[in-house]
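Coordinate inspection notes
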Amino acid sequence: MVRLLVSVVDAEEAAAALAGGAHIVDVKNPAEGALGAPAPAVVRAIRRALPGRVALSVALGDLPDLPGTAALAAVGAASLGADYVKVGLRGPGDAEAAGRLLAAVAAALRDLAPGVRLIACAYADGPRVGAVDPLDVPAAAAAAGCAGAMVDTLHKGAGGLFAHMTDARARAFVEACRRHGLTSALAGSLTPADLPRVAALGPDIAGVRGAACTGGDRLGGRIDPGRVRALVSALAGVVSGAGGTVSGVRR
Ligand SMILES: O=C[C@H](O)COP(=O)(O)O
């Protein structure tokens, strides 16, 4: 089963995501970027409000190629109760640079926050702006000691995941993650209609914010439990229709 990660900006949205059936709560500041880092107090408030069994993921930012900055941010998020930290590989331009940054973060977590899992996040549209190619990330992430790898989109509003990545490339990313023993995640302005297509690619996790917000608005909207519920259903291959639901529908 593909699990649904929902990105939230505060504790009220976290509760709404859980009420809708989200499996993983991710906290980020979308106003600061695709993987914008939230304020420390926001992370702490959400961790305190969440039931202990619910995993909390924290975005660390669309990071420059500065391994020390990334490592310090990761330990900061870990100290606030993150279970996963997501590192946006905006700055590193190739697998070697990405691996260096990820290794610095992984070493800091091993040393100071063992048990906190590192997720390497590439951007489907990253190569256009000099960022590492997503397909080069799984091997580098595994070598560095990450638990997982994700593809998102950097430029929101410039098309979703499938505007920048063919199904074949997305599948290759998921398969490379599997080969390297990594959890895989796909995201990037995914719509409810995209989710059966995402599920068919077989990632462990699908990530959303915009589609889970009122008005489909990742910045001005708020997480809506009804929308989250529909997304969970779409991932499971259940399409809501006027007369009820139809199971097993795949694109
Ligand atoms: O981790 C997933 C992202 O928060 C996706 O956000 P988005 O659906 O607004 O592109």
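Use the structure listed above.
Our subject in this report is the structure included herewith. (Residues numbered from 1 in each chain as written. Predicted model: local features only at pLDDT ≥ 70, side-chain atom pairs only at ≥ 80, totals over all residues. Heavy atoms only, no water.)

Here we look at the overall build of the chain
- The helix and strand inventory of the chain stands at nine helices and ten strands.
- For the chain, the C-alpha atoms occupy an extent of roughly 55 × 40 × 30 Å along the three principal directions.
- Within the span of the chain, comprising 251 residues, buried residues form 51% of the whole.
- Split by element, the accessible area of the chain, about 10,000 Å² in all, is 54% carbon and sulfur.
- Each charge class in the chain can be summarised by its mean position, and for the 25 positive and 21 negative side chains these summaries are 5 Å apart. (Helix = DSSP H or I, 4+ residues; strand = E, 2+ residues; numbered from the N terminus. Buried < 20%, exposed > 50% of the residue type's maximum accessible area, 1.4 Å probe, protein only. Areas by Shrake-Rupley, 256 points an atom, 1.4 Å probe, with all protein chains shown as cover. Lys, Arg positive; Asp, Glu negative; His and termini not counted. Charge placed at Lys NZ, Arg CZ, Asp CG, Glu CD.)

A few points about the pairing of strand 1 (residues 3–8)
- For strand 1, the tally of buried residues reaches five of six residues, placing the bulk of the element in the interior.
- Strand direction decides the pairing type here: strand 1 and strand 8 (residues 205–208), joined by four bridges, are parallel. Paired with Arg3 across the strands is Ile205, a residue of strand 8.
- Here strand 1 runs beside strand 2 (residues 24–27); their pairing, made up of four bridges, is parallel. Bridge pairing in strand 2 places Val6 opposite Val25.
- Read as a crossover between parallel neighbours, the route from strand 1 over helix 1 (residues 11–19) to strand 2 is right-handed. (Pairing = 2+ DSSP bridges. Right-handed = clockwise from strand over helix to strand, strands pointing away.)

A look at the state of the cysteines
- Scanning all chains against the criterion turns up zero disulfides.
- Free of any disulfide, Cys177 has its nearest neighbouring cysteine sulfur in Cys146, separated by 10 Å.
- Judged by its relative accessible area of 0%, Cys177 is buried.
- Here Cys213 is not disulfide-linked; the sulfur of Cys121 is the nearest cysteine sulfur, at 18 Å. (Disulfide = S-S within 2.5 Å.)

Observations concerning the packing of aromatic side chains
- Evaluated as defined, the whole model comprises zero aromatic pairs.
- The ring centre of Phe162 lies 3.9 Å from the NZ or CZ of Arg197, which sits over that ring. (Phe/Tyr/Trp six-rings, centres within 6.5 Å; stacked < 30°, edge-to-face > 60°. Lys NZ or Arg CZ within 6 Å of the ring centre and 35° of its normal.)

Some details on the packing of helix 4 (residues 95–112) against helix 5 (residues 137–144)
- Taken N-terminus to C-terminus, the directions of helix 4 and helix 5 make an angle of 30°; their axes are 8 Å apart at the nearest point. In this view, helix 4 runs roughly parallel relative to helix 5, as classed from their interaxial angle. Here helix 4 and helix 5 pass one another in a crossing that is right-handed. For the pair helix 4 and helix 5, contact is made by Ala95, Gly99, Leu102, Ala103, Ala106 and Arg110 and by Ala140, Ala141 and Ala144, respectively.
- Of the residues contributing to the contact of helix 4 with helix 5, the split by class is seven nonpolar, one polar and one charged. (Axes fitted to C-alpha atoms, helices over the stretch in contact; angles between N-to-C directions. Parallel < 35°, antiparallel > 145°, perpendicular 65-115°, else oblique. Left-handed = near helix turned anticlockwise from the far one by under 90°. Contact = heavy atoms within 4.5 Å. Nonpolar A, V, L, I, M, F, W, Y, C, P; charged D, E, K, R; others polar.)

A closer look at the site of the ligand
- As a matter of local geometry, the ligand sits amid 15 residues, with Ser7, Lys28, Lys156, Ser189 and Arg209 nearest to it.
- One of the side-chain nitrogen or oxygen atoms of Ser7 is found 2.5 Å away from an oxygen atom of the ligand.
- Lys156 is positioned with one of its side-chain polar atoms (N or O) 2.6 Å from an oxygen atom of the ligand.
- Protein chains shield 99% of the accessible area of the ligand, which is 310 Å² for the free molecule.
- Split into classes, the residues belonging to the shell around the ligand amount to four nonpolar, five polar and six charged. (Near = heavy atom within 4 Å. Polar contact = N/O pair within 3.5 Å; in protein donor to acceptor, adjacent residues only side chain to side chain.)

Brief notes about helix 5
- Along helix 5, the residues classified as buried are Val137, Pro138, Ala140, Ala141 and Ala144. Buried residues of helix 5, seen end-on, are gathered within an arc of 165° and therefore sit on one face of the element.
- Just past helix 5, the residue Gly145 takes up positive phi, approximately 100°. (Arc of directions from axis to C-beta.)

Some details on helix 7 (residues 167–179)
- With 13 residues, helix 7 should cover 18 Å at 1.5 Å per step; its first-to-last C-alpha distance of 18 Å lies within 8% of that length.
- Along helix 7, the positions that sit buried rather than exposed are Ala170, Phe173, Val174, Ala176 and Cys177. Down the axis of helix 7, the smallest arc covering the buried residues is 160°, so these residues share one side. Residues of helix 7 that are exposed and point over 90 degrees away from its buried face: Ala168, Arg178 and Arg179.
- On its buried side, helix 7 packs onto helix 5, strand 6 (148–152), strand 7 (183–187) and helix 8 (195–201).
- Within two residues after helix 7, Gly181 carries a phi angle of roughly 75°, on the positive side. (Expected span 1.5 Å × (residues − 1).)

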